[in-house]
Amino acid sequence: NAGVTQTPKFQVLKTGQSMTLQCAQDMNHEYMSWYRQDPGMGLRLIHYSVGAGITDQGEVPNGYNVSRSTTEDFPLRLLSAAPSQTSVYFCASSYDRDLAGTGELFFGEGSRLTVL
Amino acid sequence: GENVEQHPSTLSVQEGDSAVIKCTYSDSASNYFPWYKQELGKRPQLIIDIRSNVGEKKDQRIAVTLNKTAKHFSLHITETQPEDSAVYFCAASMNYGGSQGNLIFGKGTKLSVKP
C-alpha cells in the first residue's frame, strides 16, 4: 500500500492564481481531511469528508474548496491564492472509527505552498 | 467547538531525563485524545492515544494520563534519547457510535533532547 499520497510536494504561486492539491489514499478509508501547518499554530483543520459525496468545513475553510467524488481522492482547491495561504498542507485519512476502533490519522508527506 | 491548549511550546531536557507535555481541552464531550510526533521535515505520526474510559496508558518509555474532571491530559516520556527530539502535538475529538469526530490539535511542543 502506498498509504496517503499528496502532489505536488512543492508549489509556488502568484497572488490570484488557482491550483489544486491532490490527495489519494489506497486504504479504503472513509474519512479524509486537509490540515494546514503554520509555525507556532499547530495543525488546523480546513475541510473534511466522511465519505464519497460528503464534505464539510473545518476550523479554517475560507479560501478553499473540496470535493469527494470517490473514496480514494480528496482534492483541495485554492480558487484565488493569497499570501496568507502560504503554508504546509497535509492530507490525512482514517478508518471510520467506532468506540472500539483505532482513531489513527494517516498523514501524507505534505505539500509546501508559497504564494508570492 | 473544541479548543486545545498545549504547554510548553518548547522543552529542552538532558538525555536520560523525563519530559512532560500538558494539554487542556474545552469540550467535555471529547472522548479521544491522541499524541502525534513530527520529526523535522516529516509527516506527523501517532505515538500513543487514550480514550476517556481509561485514566492512563503506557507504551514502553511513553505514557499518557487523562483527568476528565479537570479536562486535561499529559504525555510523559521517560529516559529521553536524542531521537525523541521532535515536535509533539496533542489532539482531542469526540467520536460516538461510529461517527467520526474531527481531531483538533494543540499548537505543538518542540522537544530537544541534549546528549
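Everything below is about the structure printed above this text.
What you see as residue numbers is a count from 1 along each chain, following the sequence as written. Chain A is the first chain written and ligand 1 is the first ligand written, with later ones labelled in order. Thresholds applied to this predicted model are a pLDDT of at least 70 for local features of residues and 80 or more for the giving and counting of side-chain atom pairs; totals over whole chains, interfaces and linings are not thresholded and use all residues. With hydrogens and water excluded, all non-hydrogen atoms of the structure serve as input to the side-chain values.

## Focus: the environment of M94 of chain B
Where helices and strands are cited, they refer to DSSP runs of H or I of at least four residues and of E of at least two residues respectively, numbered from the N terminus. Of note, M94 of chain B is situated in the loop between β9 (86-92) and β10 (104-105). Overall, the relative accessible area of 39% leaves M94 of chain B in the partly exposed class. Burial classes: relative accessible area under 20% of the type maximum marks a residue as buried, over 50% as exposed, and values in between as partly exposed (1.4 Å probe, protein chains only).

## Some points on the packing of aromatic side chains
Residues and elements named next belong to chain B. Here is the rule: rings of Phe, Tyr and Trp (six-membered ring for Trp) pair when centre to centre is within 6.5 Å. Planes less than 30 degrees apart are stacked, more than 60 are edge-to-face, and the remainder are tilted. For the coordinates displayed, the defined rule picks out 13 aromatic pairs over all chains. Considering the side-chain rings of F33 and F73, the 4.9 Å spacing of their centres and the 45° angle between planes classify their relative orientation as tilted. Taken together, the residues span a long stretch of sequence, with F33 in strand β4 (residues 32-38) and F73 in strand β8 (residues 72-77) at a distance of 40 residues. Note on accessibility: F33 and F73 belong to one class, buried.

## Observations concerning the environment of K58 of chain B
Residue and element names in this part refer to chain B. Along the polypeptide, K58 turns up in strand β6 (residues 56-59). Here K58 falls in the exposed class, since its relative accessible area comes to 64%. Taking C-alpha positions, K58 is 8.2 Å from I48, a pair spaced ten residues apart along the chain. Contacts are residue-level and defined by heavy atoms, with any inter-residue pair within 4.5 Å sufficient. Sequence-distant contacts of K58, defined by excluding residues within four places in its chain, comprise I48 and A63.

## A closer look at the side chain of S74 of chain B
Residue and element names in this part refer to chain B. One can find S74 in strand β8. S74 gets classed as buried once you look at its relative accessible area, which sits at 6%. In contact with S74, not counting residues within four places along its chain, are V20, I21, K22, W35, A63, V64 and T65.

## Some thoughts on the state of the cysteines
Two cysteine sulfur atoms form a disulfide, by the criterion used here, when they sit within 2.5 Å. Inspection of the entire model under this criterion finds two disulfides over all chains. With its sulfur 1.9 Å from that of its partner, C23 of chain A forms a disulfide with C91 of chain A. Here C23 of chain A and C91 of chain A share a disulfide; its torsion about the S-S bond, -75°, makes the bridge left-handed. Of this pair, C23 of chain A sits in strand β3 (residues 19-25) while C91 of chain A sits in strand β9 (residues 87-94); the two residues are 68 residues apart in sequence, bridging distant segments of the chain. Here C23 of chain B is linked by a disulfide to C90 of chain B, with a sulfur-sulfur distance of 1.9 Å. Note on the C23 of chain B and C90 of chain B pair: the S-S dihedral is about -100°, so by sign convention the disulfide is left-handed. Here C23 of chain B, found in strand β3 (residues 19-25), pairs with C90 of chain B, found in strand β9; they are 67 residues apart in sequence, far enough to count as distant. This pair shows no difference in class: C23 of chain B is buried, exactly as C90 of chain B is.

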